[in-house]
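Fold and contact review
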There are 2 protein chains.
Amino acid sequence: MAEHNVTVESTLKALLNDKKYSTLKDILITMNPSDIAAVFEELDEDRTPLLFRLLPKELAADTFVEMEPELQELLIKGFSDSELREVVQELYVDDAADLVEEMPANVVRRILAQADPQMRKEINEILRYPENSAGSIMTTEYVDLRKDMTVGEAITRIRRTGIDKETIYTCYVTEARTLVGFLSVKDLLLAPDDEDKISEIMDTKIISVNTMTDQEEVAQMLSKYNFLALPVVDNENRLVGIITFDDAMDVMEEEVTEDIEKMAAILPSDKTYLRSSPWELFKHRIPWLLLLMVSATFTGMIITRFEDALAAQVVLTSFIPMLMDTGGNSGSQSSVTVIRALSLDELEFSDLVGVIWKEIRTAVLCGIVLSAACFAKIMIVDRLLLGNTEVTVFVALVVCLTMALTVLVAKIIGCSLPMLAKKIGFDPAVMASPFITTIVDALSLLVYFAIASAVLFA
Amino acid sequence: MAEHNVTVESTLKALLNDKKYSTLKDILITMNPSDIAAVFEELDEDRTPLLFRLLPKELAADTFVEMEPELQELLIKGFSDSELREVVQELYVDDAADLVEEMPANVVRRILAQADPQMRKEINEILRYPENSAGSIMTTEYVDLRKDMTVGEAITRIRRTGIDKETIYTCYVTEARTLVGFLSVKDLLLAPDDEDKISEIMDTKIISVNTMTDQEEVAQMLSKYNFLALPVVDNENRLVGIITFDDAMDVMEEEVTEDIEKMAAILPSDKTYLRSSPWELFKHRIPWLLLLMVSATFTGMIITRFEDALAAQVVLTSFIPMLMDTGGNSGSQSSVTVIRALSLDELEFSDLVGVIWKEIRTAVLCGIVLSAACFAKIMIVDRLLLGNTEVTVFVALVVCLTMALTVLVAKIIGCSLPMLAKKIGFDPAVMASPFITTIVDALSLLVYFAIASAVLFA
């Protein structure tokens with residue numbers, strides 16, 4: 001895709017330089033809104049307003065929605081009131097609410113002034129809900145039907161009002177604003193008789209979410225049930241909006257990025273990497289780096305305590321990085337696997353004992369293979385090839401025994417901490433590699449020196 | 001959701017024990033297929049066939065699709081040929097192809113024997129495509145229209161043939177099997193006049209994928225363009241199938257899990273955590289553990305080379321874990337951020353210099369704060385509170401300078417390796433924490449001993 005845009009971009013630039021506006025327009029209208037937005041992002045800022053004005057009304061609005069907030073703000077600032085009104089009126093309510101949330105206050109005032117009163121009311125309603133809640137991402141534009149309508153009447157209603165709805169494919173049946181059923185346009189079209197009542201063909205196995213449900217759960221439910229849209233109800237079970245699959249896909253991407261950032265000891269950010277300044281990256285990375293650095297004090301203290309032993313057998317030091325890394329890697333394998341399974345709802349707290357038992361058996365297998373390989377490596381590479389005579393069989397045994405025990409400890413901690421974190425209401429994703437590594441480091445050193453003391457200095 | 005299933009499960013078990021089959025059936029038919037499947041997974045194996053037979057035909061097939069392969073196999077083995085035929089005939093072709101792929105050969109033969117010839121042909125066609133290709137996940141059941149049809153004729157065609165189509169909402173217009181346009185049922189229903197020709201209202205900005213396109217790219221395109229379905233064409237540009245958004249959501253989940261596994265040095269697996277045996281977990285984890293352990297030989301060699309220096313100043317050893325961990329964490333922050341941006345198509349290789357420059361500035365900020373904090377921590381905690389007199393101002397300076405340089409090196413390597421990997425055709429996700437850590441460990445030790453030699457042993 002990227003290559004494609006680069007070529008289109010240079011063609012458009014050349015046409016723009018030659019002021020060939022009608023050719024430009026002819027090309028742009030063959031393109032998809034999200035591709036046009038991508039090209040606009042790459043152009044000089046002072047040229048985008050000109051290009052944007054070439055787009056027909058509907059395409060302009062669709063393209064506008066796909067742009068990054070910076071470019072949207074730039075365009076709005078250049079719009080006359082009537083241009084702004086045209087774009088705003090073409091937006092779906094949930095996109096308009098997103099826009100209002102991203103823009104600075106003075107731009108927001110202009111946008112709301114250009115929205116009609118009904119839309120203004122709906123935008124304000126959506127903005128009332130907390131960030132990441134179902135209410136904040138829903139749209140209030142859905143098709144609602146009544147139980148006593150016939151199939152024919154329902155189709156007529158859709159044909160009359162459907163143009164402004166985000167989706168017409170799932171229709172919701174309400175009674176005094178309460179959701180009593182739903183059906184798809186497929187059900188309507190395939191109904192044997194146009195005189196059938198909606199109440200006879202509607203599905204009453206309603207799956208809905210509350211306005212306060214977390215958006216991640218909403219996305220998972222849409223994916224689980226393969227729905228095109230999920231209805232959102234308030235505390236009195238009244239239908240207030242719907243969330244469509246395309247918004248759920250965006251949420252899934254967002255939430256995965258957030259999880260991955262947390263796993264890498266980064267505070268999650270809403271901005272993409274390219275749009276983040278070094279200062280912003282710094283602010284999101286430094287807290288965990290500081291915390292983890294300070295907590296490494298313990299490993300330092302452990303080494304200091306065994307300083308005399310290390311001074312007598314300096315060769316032991318040379319295996320510390322390998323032991324720490326292997327422990328950290330083993331632990332993060334377990335923690336990351338469990339964190340992912342938790343976020344896909346495959347695991348529950350009640351599985352804890354089973355998970356630990358599975359990890360113990362896996363750790364034993366890994367431990368045996370790793371320590372055998374390690375023993376061979378030490379005796380062949382370190383002792384024979386590198387000719388380090390300090391590396392005795394006893395040293396090799398101490399290292400390998402430590403490794404096997406470290407892997408065991410690392411896997412148990414790695415799998416159980418995320419589950420415990422979730423149980424007490426913390427985010428399991430934080431219990432990933434960096435955090436686990438810090439704990440496993442300290443434990444592996446303790447095991448190392450304990451075994452070394454027993455075997456070498458007995 | 002989980003809590004809910006647990007309760008339903010115990011109710012169903014009680015009813016099953018009391019042989020109250022009609023009540024059981026009444027409850028089951030109010031449930032959603034994916035919830036019924038979840039309950040079935042939790043029941044004793046010998047009871048599921050009985051319960052499954054209580055489900056009406058269509059619900060039975062929908063529930064069957066949502067089950068894990070083990071349970072599907074168990075059920076099929078208990079089915080009579082006519083029962084199997086009923087389930088198979090209700091399946092969409094892509095689900096049937098998935099099933100055939102998962103089952104052992106003898107079960108596959110029975111399934112194919114019960115499918116009608118047309119379905120058998122289509123299943124075989126889908127199975128021809130390589131794993132993870134668009135062809136392998138597409139369905140061949142779509143609505144195709146002709147350019148010269150009227151809106152009214154098109155609606156009639158959908159009403160007549162729609163029942164067997166996976167989606168009717170996006171219809172494809174073909175001419176001699178070549179895709180020439182598409183339109184939505186919304187376009188059809190909202191068309192001003194039933195006599196309008198399809199060619200007048202269809203959209204000709206076709207976005208399609210080839211049968212060999214990677215499934216991850218397909219999922220990203222569906223998400224980018226907010227399409228309900230994407231058409232799949234062969235090398236002669238003939239329409240051969242479609243991929244719907246729900247399959248794309250599954251692909252997204254799968255691919256993210258795979259990326260996360262790779263980032264944690266695990267070979268990706270198709271099986272969920274709970275379904276993997278310790279032996280399988282072991283096989284997916286040990287290769288990277290072994291490789292990373294052996295590559296830690298270099299850190300050992302570096303320490304051995306500076307053994308004399310360490311023996312003279314054992315206190316230096318106590319800071320090795322902190323330096324290594326901070327370096328590893330800094331590097332994995334950068335690598336994971338860049339890997340995620342690459343997989344979301346936000347970054348390209350041409351951004352490399354910009355990315356490195358951004359990471360350098362971030363690293364300088366992080367390095368200043370970390371080494372200042374580290375200096376304070378060493379002087380206050382290690383020297384004053386713990387009374388370690390070996391920890392001099394010079395030692396603290398050596399440690400802090402090393403830390404700042406390590407952070408810088410780690411961030412540069414962390415951001416550039418994934419981009420280089422992608423450029424030369426490797427998977428960037430492999431260049432995450434464990435891999436970066438191993439490299440950064442060795443470099444940080446080299447920096448440490450070089451600075452220590454210069455400052456302390458000059």
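Described in the following lines is the structure provided in the data block.

Quick notes on the rules
Residues numbered from 1 in each chain as written. Chains lettered and ligands numbered in written order. Predicted model: local features only at pLDDT ≥ 70, side-chain atom pairs only at ≥ 80, totals over all residues. Heavy atoms only, no water. Helix = DSSP H or I, 4+ residues; strand = E, 2+ residues; numbered from the N terminus. Rg over C-alpha atoms; globule rule 2.2 N^0.38 Å. Buried < 20%, exposed > 50% of the residue type's maximum accessible area, 1.4 Å probe, protein only. Contact = heavy atoms within 4.5 Å. Areas by Shrake-Rupley, 256 points an atom, 1.4 Å probe, with all protein chains shown as cover. Lys, Arg positive; Asp, Glu negative; His and termini not counted. Charge placed at Lys NZ, Arg CZ, Asp CG, Glu CD. Pairing = 2+ DSSP bridges. Axes fitted to C-alpha atoms, helices over the stretch in contact; angles between N-to-C directions. Least-squares fit on C-alpha atoms with pLDDT ≥ 70 in both. Right-handed = clockwise from strand over helix to strand, strands pointing away.

This part takes up the overall build of chain A. A count of helices and strands for chain A gives 23 helices and six strands. Here the C-alpha atoms of chain A give a radius of gyration of 30 Å, more than 25% beyond the 23 Å that 2.2 N^0.38 yields for 458 residues. The proportion of buried residues among the 458 residues of chain A is 55%. Here the contacts in chain A between residues at least 6 apart in sequence split such that 67% fall between residues at least 24 apart. On chain A, roughly 19000 Å² of surface is accessible, and the fraction owed to carbon and sulfur atoms is 56%. Of the charged side chains in chain A, 40 are positive and 71 negative; the average position of the first set lies 2 Å away from that of the second.

For the rest of this paragraph, the subject is the sheet that holds strand 4 (residues 209–210) of chain A. The strands making up a sheet associate through hydrogen bonds between their backbones, and the pairing can be parallel or antiparallel. All names here are of chain A. Taking strand neighbours across the sheet as the criterion, the three strands line up as 4-5-6 in an open arrangement whose pairing is mixed. On the outer flanks of this sheet lie strand 4 and strand 6 (239–244), each paired with one strand and no other. Where strand 5 (residues 229–233) meets strand 6, five bridges bridge the pair, whose relative direction is antiparallel. Residue pairing for strand 6: V232 is matched across the bridge by G241. Sitting on the sheet, helix 15 (residues 215–225) touches strand 4, strand 5 and strand 6, and the angle it makes with strand 5 is about 135°.

To continue, consider the relation of the copies chain B and chain A. By a simple turn and slide, chain B fits onto chain A: the slide is 0.0 Å along the axis, the RMSD is 0.1 Å, and the turn is 180°. What we have between these two chains is a two-fold relation. In terms of proximity to the rotation axis, the leading residue of chain B is A311 of chain B, whose C-alpha is 2.8 Å off the axis. Most of the interface of chain B is mirrored in chain A, where 99% of its interface residues again form contacts.

Each regular strand shows side chains that alternate between the opposite faces of the sheet. All names here are of chain B. Extensive coverage of strand 2 (residues 170–175) is indicated by the burial of five of its six residues. In this region the chain leaves strand 1 (residues 143–145), passes through helix 12 (residues 151–161) and returns to the parallel neighbour strand 2; the handedness of that crossover is right-handed. One ladder, built from six bridges, connects strand 2 with strand 3 (residues 178–184); its direction is antiparallel. Bridged to V173 within strand 3 is G181. Between the antiparallel neighbours strand 2 and strand 3 lie two residues, among them A176 with a positive phi of about 50°.

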